[in-house]
Every structure is written in C-alpha cells, then in structure tokens.
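Each chain, written out:
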Amino acid sequence: MTGAALPREFYARPTVDVARDLLGMQLIHRVDGTVRRGRIVEVEAYVGAHDLASHSSRGVTPRTSVMYGPPGHAYVYLIYGMHHCVNVVTEPAGHGAAVLLRALEPLDSLAGNTRGPGLLCRTMGITLARNGIDLTGDVLFITLPPEAERFEIVQSARVGVAYAGDWADAPLRFSIAGNPYVSRASGSRR
DNA sequence: TGCCGGATCCTG
DNA sequence: AGGATCCGGCAA
C-alpha cells in the first residue's frame, strides 16, 4: 500500500523548509502497473528569481513556466542533452522556487542507481512526459514514511552552480547524515 | 538564425 | 580528464 500524497499546503511554504522536510519522505511513481518507491535522502533548494543558480532567475520562459506555476507540481528538465532532473515546485504561484530531488535510497521496484539527480530520474522512469504533473495526484507523488524517523541533516553548498556568483556557495543542499545513497558531489567544483 | 553552455554521468 | 548530446536563452 501507499500512503496519501502530501497535500498542496506542504509545498506552499518557504522552500528551505520544504527541502528539509522532504528528507526521509517517500517518492512514488506508478508506471507500467508497478509502484516504484524510494526514500529521499538528498535535495537542493532553488529559492526564487533572485537566486542566480535557479532557472527561474531568467524570468518566466517556456521552460521555467512550471516553476512559476502553483506549488505541488513537478518541474522536469533535460540537462546536458541526455539526463533528466526532477524538482517539486514550492511557495505560492509566481514565486519561481523549487526543490531538486538529488538522490534516493531504493525501496520498491527500483533496479538501478538512484544516487544523483540524473540517475534518480532514469531509475524511477521520470522523463519530460512528467513535466508539470500534479504531485497531489496518484501517478507521481510523495508520502510520509510509515513511521517517523530520526536523523541528522547535513547542509552544504549546491552542486554544479559555480557560475552563480554570490549564490554559488549558499548552503542550500541538504542530505541525511551518513546515508550511503547520498551522491558524491564529485569534486566540489571550482 | 546561430552559438554557447549546462542543477550530469560514464569511461579511460 | 574528456566526451556524449540537445535545447533553452540570448546576441546578432
């Protein structure tokens, strides 16, 4: 069984709060009659149009329109011409903020690596076909874990945003301390 | 219309 | 360390 999808109010909050609260939650994708499920262990917050590392910093464009839409929807994009990344839109519509899901601990029906945003999408089967989908539905959604868990949260700089000026070093990456499925931010970049 | 570069990953 | 691979965004 799967629990109920988190309600829209969960997403309509400050992005950093949503990011931290997503750790330990379960991401679920129904596809081809199976339920793929993983535990969220690493995320990054992209806090709004003023965040130079965020796609929304370019304003409302065809690509970023979902980010500027209502909270609780998935923003999926193609990166490097071959990988997908999935975000959850946060804050009230018009804000342009989202949380990038970077790594999962595999739970059900996950055959493959989920350690990194591109791998997470590949193994969960998330593609551009899911861009804009409502996360309060029953296809792609997030639930509370069956029982509460305790863990420490590690906070660090986001990966791959060295170009973002003053925002490059903002500590907006959050992960579960000691979890083996957290991605290795290969070379903190420069 | 053309070009530049990226919220990545794999191989050597 | 370098290549794959393509589209969005901006300059011209």
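Going by the structure above, here's the rest.
One structure accompanies this document, and this report is about it.

Rules used throughout
- Residues numbered from 1 in each chain as written.
- Chains lettered and ligands numbered in written order.
- Predicted model: local features only at pLDDT ≥ 70, side-chain atom pairs only at ≥ 80, totals over all residues.
- Heavy atoms only, no water.
- Salt bridge = Lys/Arg side-chain N within 4 Å of Asp/Glu carboxyl O.
- Helix = DSSP H or I, 4+ residues; strand = E, 2+ residues; numbered from the N terminus.
- Buried < 20%, exposed > 50% of the residue type's maximum accessible area, 1.4 Å probe, protein only.
- Near = heavy atom within 4 Å.
- Polar contact = N/O pair within 3.5 Å; in protein donor to acceptor, adjacent residues only side chain to side chain.
- Disulfide = S-S within 2.5 Å.
- Nonpolar A, V, L, I, M, F, W, Y, C, P; charged D, E, K, R; others polar.
- Phe/Tyr/Trp six-rings, centres within 6.5 Å; stacked < 30°, edge-to-face > 60°.
- Lys NZ or Arg CZ within 6 Å of the ring centre and 35° of its normal.
- Core = buried A, V, L, I, M, F, W, Y, C linked by side-chain atoms within 4.5 Å.
- Contact = heavy atoms within 4.5 Å.

1. Here we look at the pattern of salt bridges
One side chain can pair with another of opposite charge once the charged atoms of both are near each other.
Step number 1: Scanning the entire structure with this criterion turns up 9 salt bridges.
Step number 2: In this structure, Asp134 and Arg8 form a salt bridge, with 2.9 Å as the shortest nitrogen-oxygen distance. Of this pair, Asp134 sits in the loop between helix H3 (117-124) and strand S6 (140-143) while Arg8 sits in helix H1 (residues 8-11), and the two are 126 residues apart along the sequence.
Step number 3: With a shortest N-O distance of 2.9 Å, Glu42 and Arg173 are connected by a salt bridge. Placement of Glu42 in strand S2 (residues 34-46) and of Arg173 in strand S8 (residues 173-176) is noted, with a sequence separation of 131 residues between them. Judged on exposure class, the residue Glu42 and its partner Arg173 are both buried.
Step number 4: Look at the salt bridges and you will find they share partners, linking Glu42, Glu44, Arg102 and Arg173 into a network.

2. Focus: the protein's contact with DNA strand B
Step number 1: Taken together, the neighbourhood of DNA strand B is formed by 21 residues, with His55, Tyr77, Asn87, Gly118 and Tyr163 sitting nearest.
Step number 2: The separation between a phosphate oxygen of DNA strand B and a polar main-chain atom of Pro117 is 3.2 Å.
Step number 3: Contact between DNA strand B and Leu119: a phosphate oxygen at 3.1 Å from a main-chain N or O atom of the residue.
Step number 4: Listing elements by their share of the surface near DNA strand B, those giving two or more residues are strand S3 (74-79), strand S4 (83-90), strand S5 (97-108) and H3.

3. What to know about the state of the cysteines
Step number 1: A complete count under the given rule lists 0 disulfides for this structure.
Step number 2: Of all cysteine sulfurs in the structure, the one in Cys121 sits closest to Cys85, which takes part in no disulfide; the separation is 6.0 Å.
Step number 3: Taking relative accessible area as the criterion, Cys85 reaches 5% and is therefore assigned buried.

4. What about the protein's contact with DNA strand C?
Step number 1: Around DNA strand C sit Arg58, Thr61, Pro62, Arg63, Thr64, Leu78, Tyr80, Gly81 and Met82, and that is every residue in its neighbourhood.
Step number 2: In DNA strand C, atoms within 4 Å of the protein come from the sugar-phosphate backbone in 74% of cases.
Step number 3: In the model, a base oxygen of DNA strand C is placed 2.5 Å from a nitrogen or oxygen of the Tyr80 main chain.
Step number 4: The class makeup of the residues in the surface near DNA strand C is 4 nonpolar, 3 polar and 2 charged.

5. Observations regarding H3
Step number 1: Counting buried positions along H3 gives 6 out of 8 residues, so the element sits mostly inside the fold.
Step number 2: Looking at H3, one finds that the buried residues are Pro117, Gly118, Leu120, Cys121, Thr123 and Met124.
Step number 3: Just downstream of H3, Gly125 is the residue with a positive phi angle, here 80 degrees.

6. Looking at the packing of aromatic side chains
Step number 1: Applying the stated rule across the entire model yields 2 aromatic pairs.
Step number 2: A ring pair is formed by Phe10 and Tyr11, whose centres lie 5.2 Å apart and whose planes are at 85 degrees; its orientation type is edge-to-face. Residues Phe10 and Tyr11 agree in their burial class; the two are buried.
Step number 3: Sitting above the plane of the Phe10 ring, Arg13 keeps its charged end 4.7 Å from the centroid.
Step number 4: The ring of Tyr46 carries the charged tip of Arg158 above its face, separated from the ring centre by 4.6 Å.

7. As for the environment of Arg158
Step number 1: Looking at the element boundaries, Arg158 is found in the loop between strand S7 (153-156) and S8.
Step number 2: Put simply, Arg158 and Tyr46 are 112 residues apart on the chain and 9.4 Å apart in space, counted from C-alpha to C-alpha.
Step number 3: For Arg158, the side chain forms a polar contact with the main-chain oxygen of Ala45, separated by 2.9 Å.
Step number 4: Within the structure, the side chain of Arg158 is placed 2.7 Å from the side chain of Asp51, a separation counted as a polar contact.

8. Some remarks on the nonpolar core
Step number 1: If you look at the biggest cluster of nonpolar residues, it comprises 35 residues, and the most contacted ones within it are Leu22, Leu27, Ile40, Val43, Leu101 and Ile142.
Step number 2: With residues up to four places along the chain from it excluded, the contact list for Ile40 reads Leu22, Leu23, Gly24, Met25, Leu27, Leu101, Ala103, Leu104, Ile142 and Ile176.
Step number 3: Tyr46, Met67, Tyr75 and Ala164 belong to the second largest nonpolar core, which has 12 residues in total.

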